[in-house]
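# Coordinate inspection notes
As a plain string of letters, each chain reads:
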Amino acid sequence: TGQKVWTTGATYADFGILLARTDWDVPKHAGISMLVLPMRQPGVEVRPLNQMTGVAHFNEVFMDGARIPADWVVGEEGDGWRMAVALLAHERSSIGSGGGRQPIPTDRIIDLARSAGRTADPLVRQDLARLVTGTRIIQWLNLRQGIHPSIPKLWRSAQGRLASQVTSGLAFPGGAAWLGDPMGTTEPGDFTSADGSHWSYGICDSRAHSLGGGTDEVQKNTLGERVLGLPREPAPDRGLPFSQIPKNA
Ligand SMILES: Cc1cc2nc3c(=O)[nH]c(=O)nc-3n(C[C@H](O)[C@H](O)[C@H](O)COP(=O)(O)OP(=O)(O)OC[C@H]3O[C@@H](n4cnc5c(N)ncnc54)[C@H](O)[C@@H]3O)c2cc1C
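Residues take numbers from 1 onward in each chain, read along the sequence in its written order. Where totals are concerned, whole chains, interfaces and linings use all residues; where local detail is concerned, this predicted model gives features only for residues with pLDDT of at least 70, and gives and counts side-chain atom pairs only at 80 or more. Excluded from the side-chain calculations are hydrogens and water; all other atoms, namely the structure's heavy atoms, are used.

## Quick notes on the overall build of the protein chain
Where we set the bar: Secondary structure elements follow DSSP: runs of H or I no shorter than four residues count as helices, runs of E no shorter than two count as strands, and numbering proceeds from the N terminus. Each residue is placed in one exposure class: buried if its accessible area under a 1.4 Å probe, protein chains only, is under 20% of its type's maximum, exposed if it is over 50%, and partly exposed if it falls in between. The contact criterion used is simple: two residues touch if any of their non-hydrogen atoms lie within 4.5 Å. Accessible surface area values rest on a Shrake-Rupley calculation with a 1.4 Å probe, where residue burial reflects the displayed protein chains alone.
The secondary structure content of the protein chain amounts to six helices and six strands. Walking the protein chain from its N terminus toward its C terminus, one meets helices and strands in the order β-β-β-β-β-β-α-α-α-α-α-α. Expressed as a percentage of its 249 residues, the buried residues of the protein chain come to 37%. If you take every contact in the protein chain between residues at least 6 apart in sequence, the share linking residues at least 24 apart comes to 68%. Accessible surface computed for the protein chain: about 14700 Å², of which carbon and sulfur atoms make up 57%.

As structure tokens, then:
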């Protein structure tokens, strides 16, 4: 029994990955188990959340007496945090390579600049050059073996915001990015519609890039601590059993 917001694709999913605290008497990163949750059952209710893109990309999931077969534990009981870290690394790699989100359509943004008659504008040219070089850098980063997944994830997040800023200036010079029912005719997950709704979607969606898969700040902390070997953030509750950590009343 419990509730989870931000669950991407829950309306379509037959199974979910669920992290549940199964031991309250060990420190907080221990005592979590990863379970596979059958989504199509009476104890699971999925409520889509409409975002400013016009699409319900993620959902709230309410579990009320939901059932999971006893042996549907991924890895060992109590070892779920380690599993989650591995899963997050895959998610971050996927986002960083553009797999988790639409690839940035650099060529189409250049076409947009052409059709708007702005290719002679030095500031627009500068932005387009930053877009093209950044996209190339992300491609090269993703070709490197063993690169920490937070690096391409951070690049992709920044590049998405830049693309959004450039595109909104070109496609909506008057300042409006939202076209009413922008994705009304587009299937969820199809980010490639050729009309103006695509720009509207991408501009609004870019705000999510620095959150989904872990925020930019958390990626920077991870890189600082795990890659650069900087001191860890202070955590007064480190080592305390979860049951003894002060919580909201
Ligand atoms: C489009 C989208 C899809 C998503 N899909 C899923 C999904 O399918 N499944 C899922 O589980 N989650 C999903 N998420 C949730 C996402 O992973 C979280 O929103 C994200 O990790 C941030 O966590 P939070 O919302 O709890 O923010 P918080 O952790 O409360 O952060 C709030 C703010 O504080 C900052 N902050 C927090 N801790 C630190 C720190 N230690 N140092 C510095 N700054 C800090 C953050 O950077 C942020 O700005 C999705 C989010 C989005 C936007």
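Having seen the model, we can carry on.
## Here we look at the site of the ligand
Here is the rule we go by: Throughout this document, a residue counts as near a molecule or strand when at least one of its heavy atoms sits within 4 Å of that molecule or strand. Under the rule applied, a polar contact is a pair of N or O atoms within 3.5 Å (in protein, one hydrogen donor and one hydrogen acceptor; residues adjacent in sequence only if both atoms are side-chain atoms).
In the region of the ligand, 16 residues are neighbours, and W6, T8, T215, E217 and E233 sit closest. A distance of 3.1 Å separates an oxygen atom of the ligand from a polar atom in the side chain of K4. With respect to the ligand, the side chain of T8 contributes an N or O atom lying 2.6 Å from a nitrogen atom. Coverage of the ligand by the protein chains reaches 55% of its 970 Å² of free accessible surface.

## A short note on helix 6 (residues 216-227)
Heads up, the condition is: Expected span of a helix, by definition, is 1.5 Å for each gap between consecutive residues, and there is one gap fewer than residues.
Across its 12 residues, helix 6 extends 15 Å between first and last C-alpha, which sits within 8% of the 16 Å expected from 1.5 Å per residue. Listing the buried residues of helix 6 in full gives D216, Q219, T222, L223, G224 and E225. On its buried face, helix 6 sits against helix 1 (80-96) and helix 4 (150-171). One or two residues past the end of helix 6 sits G229, with phi positive at roughly 70°.

## Quick notes on the sheet that holds strand 2 (residues 15-21)
In plain terms, the rule: Any two strands with at least two DSSP-identified bridges between them are counted as paired. Axis lines are fitted through C-alpha atoms, for helices just across the contact stretch, and the angle between N-to-C directions can take any value from 0 to 180 degrees.
Pairing is antiparallel in the open sheet, where three strands are placed in the order 2-3-6. Two strands bound the open sheet, and with one partner strand each, they are strand 2 and strand 6 (73-74). As judged from the two bridges shared by strand 3 (residues 32-38) and strand 6, these two strands associate in the antiparallel manner. Looking across to strand 6, one finds that L35 is bridged to V73. Against the sheet, helix 1 makes contact with strand 2, strand 3 and strand 6, and its axis sits at roughly 65° relative to strand 3, the strand it touches most.

## Some points on unusual backbone geometry
The backbone phi angle of W6 is positive, close to 65°, even though this residue is not glycine. With respect to the helices and strands, the residue W6 is situated in strand 1 (residues 2-8). We classify W6 as exposed; its relative accessible area is 53%.

## Some thoughts on the side chain of T167
Here T167 lies in helix 4. Residue T167 is classed as buried on the basis of its relative accessible area of 3%. With residues up to four places along the chain from it excluded, the contact list for T167 reads I109, L112, F172, W199 and I203.

## A closer look at helix 1
Over its 17 residues, helix 1 runs 24 Å from end to end, which matches the ideal 24 Å to within 8%, given 1.5 Å per residue. Buried within helix 1 we find G80, M83, A84, R92, I95 and G96.

## Focus: the pairing of strand 2
Across the two faces of strand 2 the burial differs, with G16, L18 and A20 buried and F15, I17, L19 and R21 not buried at all. The sheet contact formed by strand 2 and strand 3 spans seven bridges and is antiparallel. The residue of strand 3 that forms the bridge with R21 is I32.

## Topic: the confidence of the model for the protein chain
Condition: For every residue, the pLDDT score states the predictor's confidence, bounded by 0 at the bottom and 100 at the top.
When pLDDT is averaged across the protein chain, the result is 87; 88% of the residues are at 70 or more. In the model, residues 180-194 has pLDDT below 50 throughout and makes 18 contacts with residues more than four positions away in sequence or in other chains.

## Considering the nonpolar core
The test is simple: As used in this record, nonpolar core signifies buried Ala, Val, Leu, Ile, Met, Phe, Trp, Tyr and Cys residues forming a set joined through side-chain atoms within 4.5 Å.
Formed by 14 residues in total, the largest nonpolar core has its most connected members in I109, L128, L131, V166, L170 and W199. Contributing elements (two or more residues each) for this core: helix 2 (106-115), helix 3 (122-143), helix 4 and helix 5 (196-205). Counting residues per element, this core draws most heavily on helix 4, at four residues. Non-local contacts of V166, meaning those with residues more than four positions away in its chain, are made with I109, D127, L128 and L131. L18, V44, V61 and M63 belong to the second largest nonpolar core, which has nine residues in total.

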